[in-house]
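Residues per chain are reported as follows:
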Amino acid sequence: MMNGFSIARVHGYEIIDSRGNPTVRTRITLESGIRATGDAPSGASKGTREAVELRDRDGSVKEAVDSVNYYISPALSGLDVREQTKIDELMIELDGTENKSRLGANAIIATSIAVAKAAAMSLSMEPFMYIGGARRHALPVPLLNILNGGVHAGNMLKIQEFMIIPVKFDSFKEALMASVRIYKSLKGLVAERYGKVYTALGDEGGISPPLSVTEDALNLVYTAIRNEGMEDRVYMGMDAAASDFYNHEKGVYEIDNGTKTPDQMIDFYLDIANRYPLLYLEDPFEEDDFKRFSELQGRLGKVIVTGDDLYTTNVKYLKKGMETKSTKGVIVKANQIGTLTETIQFFDMAKENSIKTVVSHRSGETEDYFIADLSVALNSDFIKTGAPSRGERTSKYNRLLEIENDHGLEYQGRKLLW
Ligand SMILES: O=C(O)[C@@H](CO)OP(=O)(O)O
Ligand SMILES: [Mg+2]
């Protein structure tokens, strides 16, 4: 039956992401006249098990846009926009492949997000309240990637992300403002040590100084934390994104101007955790080495070893990770799996098993702040959304500030000190 919640039109078109690459935007128009959009973000250091982002040979996403306009649109027309699960399942069925390679995960996730936003709007609800329902809502601890390496930067650092984690604060705002001070202090340090010309930013807005050795980057970040007198309240994190510097033929990691065997990598991380206040370590090994993730997690105690490329937001691989006790943390990226429904299933499975959750952006983002709402909706422990310096990252931070300002929710930081 047609009502105000019925989908009148689903329209896809190309926009650009933060690297200037074309990506998919879906706009949903309801019979009531309400309109909402959803954008597909895009990764650079992708896991091989991710759902497929359809990209044409010329770099455009015209084929994915066609999927929205010629396949998804007619199938969704007339459906009640509040039926998120039914709509997501319909798109999965319409695609018919294991990895969403026919319609494209970019076409499907943009639509899935637009559906949720349109439903929230038509109920006059904040997206986080609509998606989270009766769940407890709280503000996540941000993992701020303030120094960039790997495939996100032009330097020779192999570790992709060096993060600060403002845990011991009473509010999200205080935590964020302290982090901004550390970020600025880092920028000053780099200018002082290498010259201002070296304060260029990487893809996620972190400084990308001309370094090649992990230790130098860690030292810079820790010095910035200490310069601000924050060493008792702010921890450190890294995303190695190790699949990107693993040499499959030789079975070694190419890092710090040399190579390390997987066992040497374990010692390398243990040593870092001994000398720095490391709380978080993402993708320390290549994406098939569940066994070493588990060994490292066992030996690192309280450090949250986290799987990103390891799981690709897919319950199938999370189950495997749980069997092998591979990690205490998971990255949650909606476009890795392709629908909101599957993303939430993955999130819930992690949470039910006491695994720490990190709702995350991609290195190619748009200004849409949807993941900020998603993190609050699901009561995620962390949000990973880059440095506090570029619009596509600050839109998420500013949305979290807005939610805190308007709803005064609790900050997850103190609770994390288990
Ligand atoms: O590895 C990661 O965690 C992400 C986001 O930081 O990078 P990308 O989107 O390039 O996969
Ligand atoms: Mg990662």
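Reading guide: rules and limits
- Residues numbered from 1 in each chain as written.
- Chains lettered and ligands numbered in written order.
- Predicted model: local features only at pLDDT ≥ 70, side-chain atom pairs only at ≥ 80, totals over all residues.
- Heavy atoms only, no water.
- Donors = N, O, S within 2.8 Å, 3.2 Å for Na, K, Ca; no water.
- Helix = DSSP H or I, 4+ residues; strand = E, 2+ residues; numbered from the N terminus.
- Buried < 20%, exposed > 50% of the residue type's maximum accessible area, 1.4 Å probe, protein only.
- Salt bridge = Lys/Arg side-chain N within 4 Å of Asp/Glu carboxyl O.
- Axes fitted to C-alpha atoms, helices over the stretch in contact; angles between N-to-C directions.
- Parallel < 35°, antiparallel > 145°, perpendicular 65-115°, else oblique.
- Left-handed = near helix turned anticlockwise from the far one by under 90°.
- Contact = heavy atoms within 4.5 Å.
- Nonpolar A, V, L, I, M, F, W, Y, C, P; charged D, E, K, R; others polar.
- Core = buried A, V, L, I, M, F, W, Y, C linked by side-chain atoms within 4.5 Å.
- Domains from an automatic or database assignment.
- Pairing = 2+ DSSP bridges.
- UniProt positions renumbered as here; feature names shortened; annotations may be inferred.
- Polar contact = N/O pair within 3.5 Å; in protein donor to acceptor, adjacent residues only side chain to side chain.
- Buried area = accessible area lost by both parts, 1.4 Å probe.
- pLDDT = per-residue confidence, 0-100.

## A word on the coordination of the magnesium ion (ligand 2)
Point 1. Only Asp239 (OD), Glu282 (OE) and Asp308 (OD) from the protein reach the magnesium ion (ligand 2) as donors, at distances of 2.0 to 2.2 Å.
Point 2. Sequence spacing among the residues donating to the magnesium ion (ligand 2) works out to D-x42-E-x25-D. One end of the pair, Asp239, is in strand E7 (residues 234-239); the other, Asp308, is in the loop between strand E12 (304-307) and helix H9 (315-323), with 69 residues separating them in the sequence. Each of the two residues, Asp239 as well as Asp308, counts as buried.

## Observations concerning the pattern of salt bridges
Point 1. Evaluation of the coordinates by the stated rule reveals 31 salt bridges.
Point 2. Where Glu53 meets Lys46, a salt bridge forms, and the shortest distance between an N and an O atom there is 3.2 Å.
Point 3. Within the structure, one salt-bridge network assembled from shared partners comprises Glu126, Asp373, Arg399 and Glu402.

## Looking at the packing of H9 against helix H11 (residues 340-352)
Point 1. Contact geometry for H9 and H11: axes closest at 10 Å, N-to-C directions at 15°. With respect to H11, the axis of H9 lies roughly parallel. Here the hand of the crossing between H9 and H11 comes out right-handed. Contacts between H9 and H11 pair Val315, Leu318, Lys319 and Met322 from the former with Gln345, Phe346, Met349 and Ala350 from the latter.
Point 2. Here the contact of H9 with H11 is built from residues that sort into six nonpolar, one polar and one charged.

## A few points about unusual backbone geometry
Point 1. If you check the backbone angles, Asp256 has positive phi at about 50° while not being a glycine.
Point 2. Residue placement: Asp256 occurs in the loop between strand E9 (252-255) and strand E10 (258-260).
Point 3. Despite not being glycine, Asn379 has its phi angle at roughly 65°, a positive value.
Point 4. Here Asn379 is to be found in the loop between helix H12 (370-378) and strand E15 (382-384).
Point 5. Of the residues examined, Asn379 reaches a relative accessible area of 10% and is grouped as buried.

## Here we look at the nonpolar core
Point 1. Phe162, Ile225, Met238 and Tyr269 are the most contacted members of the largest nonpolar core, which totals 129 residues.
Point 2. With eleven residues, the top contributor of residues to this core is helix H3 (residues 105-122).
Point 3. Looking at which domains feed residues into this core, each of domain 1 (7-124) and domain 2 (141-416) supplies at least three.

## Overview of the sheet that holds E10
Point 1. Here we have three strands laid out as an open sheet, ordered E8-E9-E10, and antiparallel in their pairing. Here the strands that pair on one side only, and so sit at the sheet edges, are strand E8 (246-247) and E10.
Point 2. Sheet topology note: the E9/E10 ladder contains three bridges and is antiparallel. Along E10, the bridge assignment pairs Tyr253 with Lys260.
Point 3. Contacts from helix H7 (residues 262-275) reach E9 and E10, with the element oriented near 95° to E10.

## Concerning the UniProt feature "active site" (unreviewed entry) in the protein chain
Point 1. What UniProt calls "active site" (unreviewed entry) maps, in this numbering, to Glu204 and Lys333.
Point 2. Here Glu204 shows up in the loop between helix H5 (172-194) and helix H6 (214-227).
Point 3. Leaving out residues up to four positions away in the same chain, Glu204 has contacts with Asn145, Asn148, His152, Glu161, His361, Arg362, Ser363, Gly386, Ala387 and Arg393.
Point 4. Relative to the helices and strands, Lys333 resides in the loop between strand E13 (329-332) and helix H10 (334-337).
Point 5. If we ignore the near neighbours within four places in the chain, the residues touching Lys333 are Asp308, Thr313, Ser360, His361 and Arg362.
Point 6. A polar contact is formed between the side chain of Lys333 and the side chain of Asp308, at a distance of 2.8 Å.

## Quick notes on the domain arrangement of the protein chain
Point 1. Split by domain assignment, the protein chain resolves into domain 1 (7-124) and domain 2 (141-416).
Point 2. Computed from C-alpha coordinates alone, the two centres of domain 1 and domain 2 are separated by 27 Å.
Point 3. Across the boundary between the two partners, domain 1 contributes 32 residues, which contact 34 residues of domain 2.
Point 4. Buried surface at the junction of domain 1 and domain 2, both sides included, amounts to about 2600 Å², of which 48% is carbon and sulfur.
Point 5. Three residues, Ser18, Ser45 and Arg49, lead the burial of domain 1 against domain 2; their summed loss comes to 28% of the area buried on that side.
Point 6. For the pair domain 1 and domain 2, the interface holds five salt bridges.
Point 7. The shortest N-O distance in the salt bridge between Glu50 and Arg362 comes to 3.1 Å.
Point 8. Applying the counting criterion to the domain 1 and domain 2 interface returns 24 residue pairs in polar contact (both at pLDDT 80 or more).
Point 9. Elements supplying a minimum of two residues to the side of domain 1 that touches domain 2: strand E1 (7-16), strand E2 (22-30), helix H2 (84-95) and H3.

## Details of the side chain of Gln84
Point 1. With respect to the helices and strands, Gln84 occurs in helix H2.
Point 2. In this structure Gln84 comes out as buried when scored by relative accessible area, which is 11%.
Point 3. Only 3.2 Å separates the side chain of Gln84 from the backbone nitrogen of Ala116, close enough to count as a polar contact.

## Things to note about the confidence of the model for the protein chain
Point 1. Looking at the protein chain, the pLDDT average stands at 97 and 99% of residues meet or exceed 70.
Point 2. Predicted as a complex, the structure gets a pTM of 0.98 and an ipTM equal to 0.99.

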